[in-house]
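Per-entry structural report
Chain by chain, the residues run as shown.
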Amino acid sequence: MSILDVQNIKKSFGNTEVLKGVGFALEKGEVLAIIGSSGSGKTTLLRCLNFLETPDGGKIIVNGEVLFDSEDRKAHNEAEIRKKRLHFGLVFQSFNLFPQYTVLKNVMLAVELLSKERPDYKENRAEIRGEIEASARAILERVGLSDKTKAYPCQLSGGQQQRVAIARALALKPEILCFDEPTSALDPELTGEVLKVIRNLKSSDSTMIVVTHEMEFARSVADKVIFMADGKVEEAGTAEEVFDRPKSERTRAFFSKKA
Amino acid sequence: MSFQTVTMMLLEGFAENGLIFIMTLLFALPLGLILTFGSMSSFLPLKWLTKTFVWIIRGTPLMLQLFVVMYVPGLLFDISMPGSLFGIRISPRMFSALIAFVINYAAYFSEIYRGGIESIPRGQYEAGQVLGMTKRQIFFKVVLMQVVKRIIPPMGNEIITLVKDTSLARVIAVQEILWIAEEFTAMGLVWPLFYTGVYFLAFNGILTLLFGYIEKKLSYYRG
């Protein structure tokens, strides 16, 4: 069974149809790269998966559990959506770190707030907090920032900030981690350190969806590649299939412009 | 009349200004937040009601509002103002003044709060959302501190204006510092009138230092 099954997602903003029925499936531990020109609906797709937008049509199924079904309108209250979101993590193009908190606190905050809902929170408060901090430190070590725990976001480079954002998303242990053009706001020399972190996550068996313009990266890290155009999946397949033997004329045209 | 006597009498008057100042802050700071939520509400009747209210309060002179609160309840509804607040004896005139000041400043504060809240980038809310936070957690844990930092300078401005505005209460015969000073002029003593400036300067000097301190405290981060 696929860990993620996305069926026929549609989304319009006013009269503009941004997603015209997008679907794909993903197995556990796979990395999916979504490529395509700006305005093709890549970001909107990720935002739909993370419930930042409500699709107008389609289904989202995670591990056999139907998280969203446009036919079924009743499961739309805030508390429900909040729980469903936790299946996914999202790393933004512009990081969106919390500026008033240290790096460590940025990584811990959401986990701490969530732990307050545990029935044993009151009795084991200190212990739970200790565990959360230890795991936050471990995650920061994984992204190579164990020496920056006390720094504030404004004291970090863009690449470091994005790595904190990745750590912050990882701290909640999402089943599927999404990246929305994680390196587009970075200088070329900072791009590498972020891509390296994402690549390392792949070897640790995380299921990931990466929207990216870094073609070389997509080719080397992705198990599956989707090329989107005009709100539709124009071409899908393994990295070799899409990059080396594209079937669609539009995909070929896209690559030739890139090169 | 000796310098010392004048100083003490003016100080007594300035206590009235201080009372208006403290009470206005005490009530207008939270009331302003309620108005902010009203004016940002997605329930349109409430939103427009609040916005109209803020427009009227900010669009008319505080002096006029003092007259309205002073005279209208008595003339139209035969309501008289109480003579105490939290067990502190105050004149009914002072009570009227406090009502006018609280309403007026709440309206201004609410707009400062609104500006602060709306200046926080969408991405901050979205980051909170995808991390599974509730609306309440996003407001209190993510947004609020950033809003506070951003509104400190305009709030400092407004609060310093409040100190000076307290003198307006004299138009409904609250015997604040300028009222007292004018009584000296009637006796042929002009210098106390100018001397009152020292009180305001000293008080606002302390406030300026205080706000500078808070700004510095919050400057440990940017953004």
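Everything that follows concerns the structure shown earlier in this document.
Before going into details, it helps to say that this report is about the structure given with it. The structure presented is a predicted model; accordingly, all values stated were derived computationally and were not measured.

1. Focus: the packing of helix α1 (residues 3-39) of chain B against helix α2 (residues 44-59) of chain B
Residues and elements named next belong to chain B.
- At a minimum axis separation of 7 Å, α1 and α2 run at an interaxial angle of 130 degrees. As judged from the angle between their axes, α1 and α2 are oblique. Across the interface between the two elements, L35, G38 and S39 of α1 pack against L46, K47, T50, K51 and F53 of α2.
- Per-class residue counts for the contact of α1 with α2 are 3 nonpolar, 3 polar and 2 charged.

2. Points about a nonpolar patch on the surface
Residues and elements named next belong to chain B.
- Taken together, the side chains of L64, V68, Y71, V72, L75, L76, F77 and I79 present a nonpolar region at the surface, about 810 Å² in accessible area.
- Note on placement: F77 falls in helix α3 (residues 62-77).
- The class of F77 is exposed, set by a relative accessible area of 55%.

3. Considerations on the interface of chain A and chain B
- Taken together, the 25 residues of chain A in the interface contact 21 residues of chain B.
- Here chain A meets chain B over a buried area of about 2,200 Å², counting both sides, of which 62% is carbon and sulfur.
- The interface formed by chain A and chain B includes 1 salt bridge.
- E126 of chain B serves as the salt-bridge partner of R47 of chain A, at 2.7 Å between the closest nitrogen and oxygen.
- Seen at the junction of chain A and chain B, the total is 10 residue pairs in polar contact (both at pLDDT 80 or more).
- Of all the elements, helix α3 (residues 103-115) of chain A adds the most residues to the side of chain A that touches chain B, at 4 residues.
- Taken together, the residues that form the side of chain A that touches chain B break down as 16 nonpolar, 3 polar and 6 charged.

4. With respect to the pairing of strand β4 (residues 57-62) of chain A
Residue and element names in this part refer to chain A.
- Within β4, 5 of the 6 residues are buried, which leaves the element mostly enclosed by the surrounding structure.
- Examined bridge by bridge, strand β1 (residues 4-13) and β4 share 5 bridges and lie antiparallel to one another. Its bridge partner being in β4, Q7 is matched across the sheet by K59.
- Strand direction decides the pairing type here: β4 and strand β5 (residues 65-69), joined by 4 bridges, are antiparallel. Bridge pairing links I60 to F68 in β5.
- Once β4 ends, the chain turns through 2 residues before running back antiparallel as β5, passing N63 with a positive phi of about 50 degrees.

Definitions and cut-offs
- Residues numbered from 1 in each chain as written.
- Chains lettered and ligands numbered in written order.
- Predicted model: local features only at pLDDT ≥ 70, side-chain atom pairs only at ≥ 80, totals over all residues.
- Heavy atoms only, no water.
- Axes fitted to C-alpha atoms, helices over the stretch in contact; angles between N-to-C directions.
- Helix = DSSP H or I, 4+ residues; strand = E, 2+ residues; numbered from the N terminus.
- Parallel < 35°, antiparallel > 145°, perpendicular 65-115°, else oblique.
- Contact = heavy atoms within 4.5 Å.
- Nonpolar A, V, L, I, M, F, W, Y, C, P; charged D, E, K, R; others polar.
- Patch = residues over 30% accessible without salt bridge, like charges linked within 9 Å, V, L, I, M, F, W, Y side chains within 5 Å.
- Areas by Shrake-Rupley, 256 points an atom, 1.4 Å probe, with all protein chains shown as cover.
- Salt bridge = Lys/Arg side-chain N within 4 Å of Asp/Glu carboxyl O.
- Buried < 20%, exposed > 50% of the residue type's maximum accessible area, 1.4 Å probe, protein only.
- Buried area = accessible area lost by both parts, 1.4 Å probe.
- Polar contact = N/O pair within 3.5 Å; in protein donor to acceptor, adjacent residues only side chain to side chain.
- Pairing = 2+ DSSP bridges.

No statement about biological role is implied by the geometric values presented.
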